[in-house]
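# Chain and residue survey
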Amino acid sequence: MPHWLFVRPGELRHAEWVEIDFDKKEWRIPGHKMKMKEQHIVPLSRQAIEIFRSHSAINREWEIYLPKYKKYRHTNVRKYRQLSAKAHGL
């Protein structure tokens, strides 16, 4: 997914569903999450939209796109890889 978005991995890990606008095909990252403290608008490609939509069917009840387990400090990378593989038909 990062290769379609050109964002830092941490920005993707902390993405929230309310920041993603499927109608406008953009992701608005608030300034407080950005290194330069300015809002960043990421245009979403067709492929990125497809992946976000397929993931939203599975984890839309979570506020954050890639939620963390309470027990662990890092994002659940395995689940992300499984979702990505499923979105690509693998």
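Reference entry: report on the structure contained in this document. (Residues numbered from 1 in each chain as written. Predicted model: local features only at pLDDT ≥ 70, side-chain atom pairs only at ≥ 80, totals over all residues. Heavy atoms only, no water.)

Bringing the overall build of the protein into the picture now. Scanning the protein from terminus to terminus reveals four helices and three strands. Along the chain direction, N to C, the helices and strands of the protein fall in the order α-α-β-β-β-α-α. Taking all 90 residues of the protein together, 36% fall into the buried category. When contacts within the protein are restricted to residue pairs at least 6 apart in sequence, those whose partners lie at least 24 apart make up 50%. Accessible surface, the protein: about 6500 Å² in total, of which carbon and sulfur atoms supply 54%. (Helix = DSSP H or I, 4+ residues; strand = E, 2+ residues; numbered from the N terminus. Buried < 20%, exposed > 50% of the residue type's maximum accessible area, 1.4 Å probe, protein only. Contact = heavy atoms within 4.5 Å. Areas by Shrake-Rupley, 256 points an atom, 1.4 Å probe, with all protein chains shown as cover.)

The residue E19 is located in the loop between α2 (9-13) and β1 (20-21) in this model. Distance in space between the C-alpha atoms of E19 and I41 is 9.7 Å, their sequence separation being 22 residues. The residues touching E19, leaving out its near neighbours within four places in the chain, are E26, W27, R28, P30 and K33. For E19, the side chain forms a polar contact with the side chain of K33, separated by 2.5 Å. (Polar contact = N/O pair within 3.5 Å; in protein donor to acceptor, adjacent residues only side chain to side chain.)

Let's shift gears to unusual backbone geometry. One non-glycine residue, K25, lies in the positive phi region at around 55°. Relative to the helices and strands, K25 is located in the loop between β1 and β2 (26-29). Its identity is not glycine, yet K37 carries a phi of approximately 65°, on the positive side. When you line up the elements, K37 lands in the loop between β2 and β3 (40-43).

Quick look at the pattern of salt bridges now. Counted by the stated rule, this structure contains five salt bridges. The salt bridge involving K33 is made with E19; its shortest N-O contact spans 2.5 Å. Remark: E19 occurs in the loop between α2 and β1 and K33 occurs in the loop between β2 and β3; sequence separation between them is 14 residues. Using a relative accessible area of 9% as the deciding quantity, one classes E19 as buried. Look at the salt bridges and you will find they share partners, linking E16, E19 and K33 into a network. (Salt bridge = Lys/Arg side-chain N within 4 Å of Asp/Glu carboxyl O.)

These figures capture arrangement, not role.
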